[in-house]
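Next come the chains, spelled out residue by residue.
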Amino acid sequence: MDLKCELFDTSKKGTIIFSHYRSGGTQLKLIVRNTLIQHFQIPCKDSGELEFDLENQITPQQFYDKINFKSWKNHHDGQKFDDDSYGVILINNPFTIQWIRNNPKELKYIKENYCLVGVRRKNILKSLLSLPLWTRLIDAGLYENYDLWTNDNLQKFHDDTLSNPIRPFEIYLGYFSVFENIEKSTTEYLNHIVRHLLDEFTILKLFCQELNCNLLNYEDYEFDKKYLLQYLPNELNLKSELVEELGVGAFEPIISKIVNATYRGKIPYVSDDYSVYVNEEVNNVLKGWGLLDD
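Residues numbered from 1 in each chain as written. Predicted model: local features only at pLDDT ≥ 70, side-chain atom pairs only at ≥ 80, totals over all residues. Heavy atoms only, no water.

1. Re the packing of helix α5 (residues 124-139) against helix α7 (residues 186-211)
Working step 1: Look at α5 against α7: their axes get within 11 Å of each other, and the N-to-C directions meet at 120°. As summarised for this structure, α5 and α7 are arranged oblique, according to the angle between their axes. Classified by chirality, the crossing of α7 by α5 is right-handed. Contact with α5, carried on its side by I124, S127 and L128, involves I193, V194, L197, L198 and F201 of α7 and no other residues of that element. (Axes fitted to C-alpha atoms, helices over the stretch in contact; angles between N-to-C directions. Helix = DSSP H or I, 4+ residues; strand = E, 2+ residues; numbered from the N terminus. Parallel < 35°, antiparallel > 145°, perpendicular 65-115°, else oblique. Left-handed = near helix turned anticlockwise from the far one by under 90°. Contact = heavy atoms within 4.5 Å.)

Here it is as structure tokens:
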């Protein structure tokens, strides 16, 4: 029996989540997959993120192999799949998004065969600074285990970062281009980085409008664990025979627990203002772009 909601449609090949880096797309992907597997017992592959090898010519075959979940592993977290199993994939690389937008045949293919949804982070400042801050947390050895996120450890990380703030060349967008290999001043580098990020936000918004799909805001569900429940199945939008089989009210409490479990991976930094973690030059450039108040 096929299930359909705004985050998945099991009559199709899978769900594609369009996004940009550090915007909650990975959590959304996890929610889709875990809801299908844990609650509805529907196999769901996780094909990670769709990226192209930019050192070689991009071909439609590369696209179809990846978009059709050819890279999934049959023993991923104990689940068993076949070639027709539903899948979920995250596309947050701007090169991939622009390639799809520029290829009408592939664009038509995803519209016809996939459930599509977008997610963005409204706070551009946090989107920019979240990645280098996360990299610092990894370098400090604190990302290996959630149990390490104690108040003492996070306070030490906070203090250490304040005493050695993030520098301009530590800031990047999650992918590398030819620009990083060109000699430039730190301020010029930051100006280009900010402009590239603003372009990503604009393109993602336009693309979701072209696809006529939802563009969710990460901030709406960043801390509100009930927000995404409206986009998931409940007894009112499921087929009547399934409700009769499983019982009215059997859905939201279980799905709510599944959604809640994905919030464990949110890093509780000491400061919610990421600008305190970067040096003065970075903040001056951000002020120039209107991303930070004077």
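Having seen the structure, we can now continue with the description.
2. Considerations on the packing of helix α3 (residues 94-101) against α7
Working step 1: Running from amino to carboxyl end, α3 crosses α7 at an angle of 40°, the nearest separation of the two axes being 11 Å. Our pair here, α3 against α7, has a crossing hand that is left-handed. Residues P94, I97, Q98, I100 and R101 of α3 lie in contact with α7, whose contacting residues are E200, I203, L204, L206, F207 and E210.
Working step 2: Looking at the contact of α3 with α7, its residues break down into seven nonpolar, one polar and three charged. (Nonpolar A, V, L, I, M, F, W, Y, C, P; charged D, E, K, R; others polar.)

3. Focus: the nonpolar core
Working step 1: Counting 32 residues, the largest nonpolar core has L128, L129, L133, L137, I171, Y269 and L286 as the members making the most contacts within it.
Working step 2: Mapped by element, the contributors of at least two residues to this core are α5, α6 (151-163), α7 and α11 (280-288).
Working step 3: Core analysis: the next-biggest nonpolar cluster, separate from the first, contains 29 residues, I42, Y86, V119 and V259 among them. (Core = buried A, V, L, I, M, F, W, Y, C linked by side-chain atoms within 4.5 Å. Buried < 20%, exposed > 50% of the residue type's maximum accessible area, 1.4 Å probe, protein only.)

4. Concerning helix α4 (residues 104-113)
Working step 1: Among all positions of α4, only E106, L107, Y109 and I110 are buried. Seen from one end, α4 has its buried residues packed into an arc of 160°, which puts them on one side. Residues P104, K105 and K108 are exposed on α4 and point more than 90 degrees away from its buried face.
Working step 2: The inward-facing, buried residues of α4 contact β1 (14-18), α2 (60-67), α3, β4 (114-120) and α7. (Arc of directions from axis to C-beta.)

5. Remarks on the state of the cysteines
Working step 1: All chains considered together, the criterion is met by zero disulfides.
Working step 2: Left unpaired, C5 is separated from the closest cysteine sulfur, that of C115, by 6.6 Å.
Working step 3: Residue classification places C5 among the buried residues on the basis of a relative accessible area of 12%.
Working step 4: Its sulfur unpaired, C208 is 3.9 Å from the next cysteine sulfur, which belongs to C213.
Working step 5: Taking relative accessible area as the criterion, C208 reaches 2% and is therefore assigned buried. (Disulfide = S-S within 2.5 Å.)

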